[in-house]
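# Understanding the architecture of this molecule
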Amino acid sequence: MRALVDIFAQVFRSIAANKLRSFLTMFGIAWGVASLLLLIGLGEGFRSGQRRGLSQLGEDVIMAWGGNIPASPNQHTGMRPYYLTLSDADAIRAQASHVRNATAFINRGDIKQVSEFSSAGGGVYGVEVNYPQVRRLPIAKGRFLNADDETQHRRVVVLGQKNNVLLFPGRPSVGESILLNGYRFQVIGVADKIGRGNNDGENQQIYIPLSTMMELFPILGDNVPLDAVSSIQYQPLTEDLNETAKADVHRIIAARHGFDAGNKDAFEEWDTIKTMRMVGVIFTAMDVFLGGVGIVTLALGAVGIINIMLVTVTERTKEIGLRKALGATNGSIMMQFFLEGMLLTGLSGVIGILGSAALMIVLQHAMGNNQMGFDPPRLVPWSAALALGTLTLCGMVAGLYPARQAALMEPVEALRKE
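Residues numbered from 1 in each chain as written. Predicted model: local features only at pLDDT ≥ 70, side-chain atom pairs only at ≥ 80, totals over all residues. Heavy atoms only, no water.

With that settled, consider the UniProt feature "transmembrane region" (unreviewed entry) in the protein chain. What UniProt calls "transmembrane region" (unreviewed entry) maps, in this numbering, to residues 23–42, 288–313, 342–367 and 379–401. In the segment residues 23–42, helix accounts for 100% and strand for 0%; the C-alpha atoms at its two ends are 28 Å apart. (UniProt positions renumbered as here; feature names shortened; annotations may be inferred. Helix = DSSP H or I, 4+ residues; strand = E, 2+ residues; numbered from the N terminus.)

Time to look at a nonpolar patch on the surface. A cluster of nonpolar side chains, namely L20, F23, L24, F27 and W31, defines an oily patch on the protein surface of about 610 Å² accessible area. By relative accessible area, F23 is classed as exposed at 51%. (Patch = residues over 30% accessible without salt bridge, like charges linked within 9 Å, V, L, I, M, F, W, Y side chains within 5 Å. Areas by Shrake-Rupley, 256 points an atom, 1.4 Å probe, with all protein chains shown as cover. Salt bridge = Lys/Arg side-chain N within 4 Å of Asp/Glu carboxyl O. Buried < 20%, exposed > 50% of the residue type's maximum accessible area, 1.4 Å probe, protein only.)

Its location among the elements puts Q161 in helix 6 (residues 161–167). Taking C-alpha positions, Q161 is 5.7 Å from D192, a pair spaced 31 residues apart along the chain. Setting aside residues up to four positions removed in sequence, Q161 forms contacts with A191, D192, K193 and N203. (Contact = heavy atoms within 4.5 Å.)

Once that is clear, we can look at the side chain of T272. Note that T272 resides in helix 9 (residues 272–315). Taking relative accessible area as the criterion, T272 reaches 6% and is therefore assigned buried. If we ignore the near neighbours within four places in the chain, the residues touching T272 are L54, L57, D60, V61 and M63.

For the rest of this paragraph, the subject is helix 8 (residues 242–257). Each turn of an α-helix holds 3.6 residues, which means side chains three or four residues apart point in the same direction. In this model helix 8 runs 22 Å from its N-terminal to its C-terminal C-alpha over 16 residues, within 8% of the 22 Å that 1.5 Å per residue would give. N242, A245, K246, D248, V249, H250, I252, I253, A254 and H257 are the residues of helix 8 that are buried. One or two residues past the end of helix 8 sits G258, with phi positive at roughly 75 degrees. (Expected span 1.5 Å × (residues − 1).)

What follows is the structure, encoded as structure tokens:
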């Protein structure tokens, strides 16, 4: 035990004797570690931000819209348009065995919204009662639409968070009335804020029963069905069954509108599950690339430490010879230089990890969670473990080779060395 304490004391004295050289060596490694962790932390911030942004839409949502039917696959001339309908949504709910929920809605942006205090713009959505089960729509005050509102074609409305502020500035809104293109609607609820930052698109939407929307504000145009809707949005039974659920929906829509379900050009849709997977693959590849760059950087740092330790061995040749002449064993000489290399790399790594963690905490407090599509960087445990593992390996290599060179010196030759 006493011998080990003496060895550690000698290690610290050796490092302290070359303060500038030791500092520069450690600074290079700490900088490399901190850069690696910060870059991976930034990538994870982007990843979690994208996930959070997609989660604002709802859980496992697939969105479908009306499209154009090509005369033949991959042909974009003479295309026939078709509209999705409420009966299509009913058929999907009844026949698509791999769909757990589906909702239809009409979206119009040309309906004027007026209260006794102010007016506002934004989309007016005619939705079904199950809309919040598919799309994320938390309610802050009052209630959402119910089955009686739908079946009785009630003129009731749920306000988005931003429209509530615009139409009723500083005043209570639930129980009050607004005019939609001159029709009076009673406010029954107010939605909570959706999303982050200044993206208020979804917060400037209002919601009325789909039956009322079809009665007062239907989709108009040539050859438009009476029950036409803007979109049908649905969820697969599980996330892994998204492609199977889409195949079910394609089959039903194609059969109802008279075209081949294999004609992919006829479908307009967005699969948020597939998008989430693509985002994950992109950022995983980025993490692998950055991790590889970081390992190479740390390996180069280890080469620098080997060089410094070899210089140290050369400078201390006479000391090594004297110690061996006084009875120091090869093991004790080797242990001293090995610990010196390990201490330089280990301490540098700890400083780099703590420095990067402190910087990320500062960035988290400075940025908050209000940046759309981007979360503050955070320390990723696996990246810290990767850095520590790589540093341990580099430290062993950086310490063993110079230590072996020192231990193999003959005492007489070392003492004779000028």
